[in-house]
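Analysis of the macromolecular model
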Amino acid sequence: AGAAFDTMSSSASSCRQQPRPRRITRAASRAAAAALLSDSPGEVVAHILKQCEPRDLGALACTAQWLHPLLELALRLRAGENGHALPKKLPLGDDSCHRRVQVLLSLERRRAQLGRRTIAAGMSHSLFISPEGTLLSCGTEWDVDGNPTPGLLGHGELAEEELPANSIHVPTPLPGLASVRIHSVAAGVSLSLAVTSEGEVYSWGQGNMGQLGHGTWASSQSTPRQITALASERVVAVEAGFIHALALAESGAVYSWGAGGDGRLGHGSEEHLSTPRRIEALAGRHVRAVAAGYESSLALTADGAVLSWGRGALGQLGHGGNPTPRSEPLPHVIDAFRGTPIAAVTAGNKRSLALSRSGGVYSWGDGAGGQLGHGDETHEDAPKLAREHPRSPGSTGDHPRSPEIT
């Protein structure tokens, strides 16, 4: 609760337009916030509360019973703004307000986990986050073609003369992040990414195309290094492609860096970038998830729209155009999903997948080997329903049972 009151105390000071004392205790700050809340119109308070984290709202629900109606309003407002459906059945009556708040908070906590990836599989290595937030890795620093990929595991320089050379066969904590709590990870073909609980981003692996985001074209980085160009943002999710990467900030801003071939960075050109750059074409789109394919990228907005950009030779962008689908250097809405809100997206080598809010699984792109799931090997240049997953009884109407695909 203290964190929430600390956040709101700044509003109290600015609204009253009084000179701020040189020193103010935390207790006094919280008291000022509480006074502001009790004296302000309910709708104003709800708009303030909806900016708080779910854990802070939960603490307020436990310590300030008089706030329950306003907490409920705040949670409903936030759900509406983010395009989330509310449960069809909620406890009724004024005496059930606390129960309704707990149900809505539970949904908020579940949504907050959607962008969190605690395990990740690259082409030749794997990353894991323990329940305590410790990052571990295992695998080899050789690619499938027998070429060295030094630094991919993040343990520093590994001995080449030992057998197995440049490999770690069991998940092992990364010494360079031993004191850092990790929130989510991403494993690409040539790089690894990690987001801390504070929203900082670290990268390691191959950097010859700028994909590590450190402002250099160094061949490799063998231990995790913070991407300082993202220090001004609180990052909530990262994605690693072949030789490019994406980051989604809490503010909704999307950043990209690395190889820019075929426009996969979304800046309208094929320029390679060694530091993250915000994708201006996505400004105001309220992006809630991103995905990086081999040479393409996807973004999912709060209202369930999907945008794609990058290489589209086999239809993986989903914009049609067979027999020769074109590449897109800027994010472009996939028209096939108009009227079908999407809950999750992911991108593979030359194919893409989407999960609709109604439970349908869509796939498009390279159909070789039956990887699209349509019973054939046809390349699809637009999303095609692969399978429908009906909702289970008691579903909230927001997401099906499995809210993620990979």
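Scroll up to find the structure.
The paragraphs below set out a description of the structure included in this document.

1. Some thoughts on empty space enclosed by the protein
Evaluation of the coordinates by the stated rule reveals two cavities of 30 Å³ or more. Size it by volume and the largest cavity reaches roughly 50 Å³. The wall of the largest cavity is formed by Gly312, Gly315, Leu317, Gly318, His319, Gly320, Pro325, Arg326, Glu328 and Asp381. Class assignment for the residues of the lining of the largest cavity results in two nonpolar, five polar and three charged. Put simply, the second largest cavity is a space of about 30 Å³. If you go around the second largest cavity, the residues you meet are Gly207, Gly210, Gln211, Leu212, Gly213, His214, Thr216 and Ala218.

2. Here we look at the nonpolar core
With 19 residues, the main nonpolar core has Leu193, Val201, Leu230, Val238 and Trp257 as its most contacted residues. When near neighbours in sequence (up to four residues on either side) are disregarded, Val238 contacts Val185, Ala186, Leu193, Val195, Val201, Leu246 and Ala247. In terms of nonpolar packing, the next biggest core, distinct from the first, is built from 18 residues, Leu60, Leu90, Cys97 and Leu105 among them.

3. With respect to unusual backbone geometry
Look at Asp262: it is not a glycine, yet its phi comes out positive at around 65°. On the secondary structure map, Asp262 appears in the loop between β11 (254-258) and β12 (273-278). A positive phi angle, near 55°, is found at His286, a position not held by glycine. Within the fold, His286 resides in the loop between β12 and β13 (287-292). Given a relative accessible area of 60%, His286 falls into the exposed group.

4. Here we look at the packing of aromatic side chains
For the coordinates displayed, the defined rule picks out three aromatic pairs. With a centroid separation of 5.6 Å and 65° between ring planes, the pair formed by Phe337 and Trp364 is classed as edge-to-face. Of the two residues, Phe337 sits in the loop between β16 (328-333) and β17 (342-347) while Trp364 sits in strand β19 (residues 360-365), which places them 27 residues apart along the sequence. As far as burial versus exposure is concerned, Phe337 and Trp364 are alike and both buried. Joined through ring pairs, the aromatic side chains of Phe337, Tyr362 and Trp364 make up one cluster.

5. Section: the side chain of His155
Among the structural elements, His155 can be located in the loop between β3 (135-140) and β4 (167-173). A relative accessible area of 18% places His155 in the buried class. Here Ser137 takes part through its side chain, which lies 2.9 Å from a polar atom of the side chain of His155. Polar side-chain contacts of His155 include one of 3.3 Å to the backbone oxygen of Thr172. Contact partners of His155, with chain neighbours within four places excluded, come to Ser137, Ile168, Thr172, Pro173, Leu174, Pro175, Ser222 and Thr223.

Quick notes on the rules
- Residues numbered from 1 in each chain as written.
- Predicted model: local features only at pLDDT ≥ 70, side-chain atom pairs only at ≥ 80, totals over all residues.
- Heavy atoms only, no water.
- 1 Å grid on protein atoms, 1.4 Å probe; cavity = no way out; pocket = protein on both sides within 12 Å on 5 of 7 lines; lining within 4 Å.
- Points joined across faces, edges and corners; volume = space filled by probe spheres on them.
- Nonpolar A, V, L, I, M, F, W, Y, C, P; charged D, E, K, R; others polar.
- Core = buried A, V, L, I, M, F, W, Y, C linked by side-chain atoms within 4.5 Å.
- Buried < 20%, exposed > 50% of the residue type's maximum accessible area, 1.4 Å probe, protein only.
- Contact = heavy atoms within 4.5 Å.
- Helix = DSSP H or I, 4+ residues; strand = E, 2+ residues; numbered from the N terminus.
- Phe/Tyr/Trp six-rings, centres within 6.5 Å; stacked < 30°, edge-to-face > 60°.
- Polar contact = N/O pair within 3.5 Å; in protein donor to acceptor, adjacent residues only side chain to side chain.

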